[in-house]
Amino acid sequence: MNRVDARGLSCPEPVLLTKNVMKQFADEGFIVEVSGETARDNVLSFCQGKKRKAEAQAFEDGWRIVVEER
Amino acid sequence: MSKAKKQGLIWLLITGGVIGIGAVLLAAFGNPANMGICVACFLRDTAGALGLDSADKMQYIRPEIIGFVLGPFIISLATKEFRPSGGSSPMLRFFISFFVMIGALVFLGCPLRMVLRLAAGDANALVGLAGFAGGIGLGSVFLHKGFSLGRATAQPKISGVVMPAFAVALLVFLLIQPSFIRFSVEGPGANRAPLFLALGVAFVIGALAQRSRMCMAGGIRDAFLIRNFNLLLGYGAVFAVALIANLVMGKFTLGFEGQPIAHTDFIWNFLGMALVGYGSVLVGGCPLRQVVLAGSGNTDAGISVLGMIVGAATAHNFGIAASADGVPANGKIAVGVGFIVLTVIAFACSKVFAGKKVAA
C-alpha cells in the first residue's frame, strides 16, 4: 500500500502531506506514519472531514494511520 | 460528528473557558491589568528576574510559566505521551522564536494576551489581531509551498526532562529568593497574584492545554490551510468567558486610549503581531503552545522557549520593547529585521515536501 512518512514533522505538516497524497492517490488507500498523538488526531480528524475511513494503530515509532480506499 | 471529535472540541472549550476565567481571576488577584496571563510578558519578567536584562520594573519569576511547563509534563507522563523528541532545525527555531518575542514586545503581549485585551475592550488588540492573522497567512503561504524545518527524531529521555527541571529550579529560586534573583519593587513586575494561586491555575491550564492541543496560532492557520475551524473554538471560548467575567466585574472599557499596558500606534500594533503570527506558524505553534510542548518532552519547543527568553532580554537591553508611550525607533528596526530574517528562513526551507517523501 502507498505509504506517507510524516514521522517527526511538526504541525501542520502531517496533515498537509495527507492532504497532498489524498489528492495524488484519489480514491486509493494509503498509510500515514506519524510520531505523536497530536499529529495522529489531526490526521484522523482531517480524514473524517474528507469522509475517508481511517484507523490508527500504535507501532514502534509512533502511530500508523491506515486510510482505506473508497 | 464522531465521539473523538466531539471530545476534542469539549477539551478545547474547557481549556479556553478555564484560561478566560483564570486570567481575569489572576488579574483581579494582583497580576497586571489585562495581563492575567501573558506567556510573552511572563517569560520577559522571568528573564528580568534572572538578570538577563536590567529593566527593573519587569523582574519576577512568574509562577505561571512554571505551571505551564510542569502541568503538561505530569499529564504527558501520565498519558504516556512523554516521548522526548528533537533535532528539527533547533538553531532556526531559536532565532524564529527570538523574533516572535520581539514582535510580541512591540505589540505588548502574546496572542493569548491579545485576546484577553480584546475581551477587556482594548480596541488596539483588534488591530493586533488583524496583523496576527496577516502574519499567519504569510506563514501559511510558505507551508503551502512545502515549508518544513525538517524531521524531529527520538531523543534520550533525559533531554526531555531538561525544561521541566529548569522549571523546578525556577520554582526553588522563587521560593527561597536568593540575592542574585531580582524582583521588581514597583511596576508590572511588582503586580503579582499570590504565588500558589498563580502556580495552581497555570498548572491546570497547562495540563488542559496539553490535552486539548490549544494553540492561538494554529486556529487561524488551520482555517486558512485545511478549512478546519476546531482550534478557533478554543480561542472563542477564551474571549467569551473573559468578556463575560470582565463585564460582571466592571473591568470592561471599550476604546483605544488609556488602555492598561498598551500603546495606540496602529502600524506597530499590526506589524508586531504580524511578526508573532508569521514566526509562530513557522515553528508550529504560538508561545503558549511552545511552552506546553517544551513541558511534554519536545526539545525543539524547549529551544523555542529559550529563544523567546533571550529575545525578551534583548528587547529590553537594546531598547526595542514598546511601552505605553509607544514603540521606540529600535523596536521598529528590530521588527523590520525580523521580517527579513523569517522570510529568508522561509524561502530557504520551502521545497522539502513536493511529493518527494511519498513512497509508493
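Residues numbered from 1 in each chain as written. Chains lettered and ligands numbered in written order. Predicted model: local features only at pLDDT ≥ 70, side-chain atom pairs only at ≥ 80, totals over all residues. Heavy atoms only, no water.

Visitor: Just to check I follow, could you spell out the confidence of the model for chain B for this structure?
Guide: Residues shown with low pLDDT carry predicted positions that ought not to be read at fine detail. All names here are of chain B. With 97% of its residues at a pLDDT of 70 or more, chain B has an overall mean of 95. Long-range and interchain partners of residues 353-360, a stretch whose pLDDT sits below 50, account for 20 contacts in this model, where long-range means more than four residues apart. For this predicted complex, the interface confidence score (ipTM) comes to 0.91, while the overall pTM stands at 0.95. (pLDDT = per-residue confidence, 0-100. Contact = heavy atoms within 4.5 Å.)

Visitor: I'm lost on the interface of chain B and chain A in this one. Help?
Guide: A common way to report how large an interface is uses the accessible area buried once the components associate. In this complex, chain B contributes 26 residues to the contact, which on the side of chain A involves 27 residues. Buried surface at the junction of chain B and chain A, summed over both partners, amounts to about 2,200 Å²; 50% is from carbon and sulfur atoms. Our count for the chain B to chain A interface comes out at 3 salt bridges. Inspection of the chain B/chain A interface yields 11 residue pairs in polar contact (both at pLDDT 80 or more). Listed by contribution, the elements that provide at least two residues to the side of chain B that touches chain A are helix H10 (216-226) and strand E3 (358-359) of chain B. The element that contributes the greatest number of residues to the side of chain B that touches chain A is H10(B), accounting for 4 residues. (Buried area = accessible area lost by both parts, 1.4 Å probe. Salt bridge = Lys/Arg side-chain N within 4 Å of Asp/Glu carboxyl O. Polar contact = N/O pair within 3.5 Å; in protein donor to acceptor, adjacent residues only side chain to side chain. Helix = DSSP H or I, 4+ residues; strand = E, 2+ residues; numbered from the N terminus.)

Visitor: Which parts of the structure should I look at to understand the packing of aromatic side chains?
Guide: Residues and elements named next belong to chain B. In this structure the tally under the stated criterion is 11 aromatic pairs over all chains. Taken together, a centroid distance of 5.3 Å and an interplanar angle of 75° make the contact between Tyr-60 and Phe-183 edge-to-face. With Tyr-60 in the loop between helix H2 (39-49) and helix H3 (63-78) and Phe-183 in the loop between helix H8 (162-176) and helix H9 (195-212), this residue pair connects regions lying 123 residues apart in the sequence. Through a chain of ring-to-ring contacts, three or more aromatic side chains come together here, namely Phe-94, Phe-95, Phe-98 and Phe-99. (Phe/Tyr/Trp six-rings, centres within 6.5 Å; stacked < 30°, edge-to-face > 60°.)

Visitor: Whenever I open this one, the pattern of salt bridges confuses me. Can you help?
Guide: Opposite charge on two side chains lets them pair, provided their charged atoms get close. Per the stated rule, a full pass over the model turns up 16 salt bridges over all chains. Residue A:Asp41 is joined to B:Arg213 by a salt bridge in which the shortest nitrogen-to-oxygen separation is 3.1 Å. Taken together, the residues A:Asp41 in helix H2 (residues 37-49) and B:Arg213 in the loop between H9 and H10 connect one chain to another. The class of A:Asp41 is partly exposed, set by a relative accessible area of 29%. Residue classification places B:Arg213 among the buried positions, given a relative accessible area of 11%. Put simply, B:Asp45 and B:Arg44 hold a salt bridge, and the shortest N to O gap is 2.9 Å. The two residues B:Asp45 and B:Arg44 agree in class, both being buried. Among the charged side chains, a salt-bridge network with shared partners connects A:Arg3, A:Asp5, A:Arg7, A:Glu33, A:Asp61, A:Arg64 and B:Arg151. (Buried < 20%, exposed > 50% of the residue type's maximum accessible area, 1.4 Å probe, protein only.)

Visitor: Help me understand H8(B) in this model?
Guide: An α-helical turn contains 3.6 residues, so any two residues separated by three or four positions project in the same direction. Residue and element names in this part refer to chain B. Between its first and last C-alpha, H8 extends 21 Å over 15 residues, near the 21 Å set by a 1.5 Å rise per residue. Taken together, the buried positions of H8 are Met-163, Pro-164, Ala-167, Leu-170, Leu-171 and Leu-174. Within H8, the buried residues cover an arc of 110° as seen down the axis, which keeps them to one side. For H8, the elements touching its buried residues are H2, H3, helix H7 (157-160), H9, helix H13 (287-295) and helix H14 (299-317). Gln-177, located one to two residues past H8, shows a positive phi value of around 45°. (Expected span 1.5 Å × (residues − 1). Arc of directions from axis to C-beta.)

Visitor: What should I look at first to understand unusual backbone geometry in this one?
Guide: Omega for the bond connecting A:Cys11 with A:Pro12 falls within 30 degrees of zero, at -5°, which places this linkage in the cis form. Relative to the elements of secondary structure, A:Pro12 occurs in the loop between strand E1 (2-5) and helix H1 (13-25). Positive phi outside glycine occurs at B:Ser89, with the angle close to 50°. In this fold, B:Ser89 is placed in the loop between strand E1 (85-86) and helix H4 (90-107). One non-glycine residue with positive phi stands out, namely B:Gln177, at about 45°. Within the fold, B:Gln177 resides in the loop between H8 and H9. Classification of B:Gln177 as partly exposed rests on a relative accessible area of 48%.

Visitor: Teacher, can you tell me more about the state of the cysteines here?
Guide: Taken as a whole, this structure holds 1 disulfide over all chains when the rule is applied. One disulfide bridge connects B:Cys38 with B:Cys41, the sulfur atoms lying 2.3 Å from each other. Here B:Cys38 and B:Cys41 share a disulfide; its torsion about the S-S bond, 65°, makes the bridge right-handed. For B:Cys38, a relative accessible area of 0% gives the class buried. Of the cysteine sulfurs around A:Cys47, a residue in no disulfide, the closest is that of A:Cys11, at 15 Å. Judged by relative accessible area, A:Cys47 falls into the buried class, the value being 0%. Here B:Cys215 stays unpaired: no disulfide links it, and the sulfur of B:Cys286, its closest cysteine neighbor, is 4.1 Å away. (Disulfide = S-S within 2.5 Å.)

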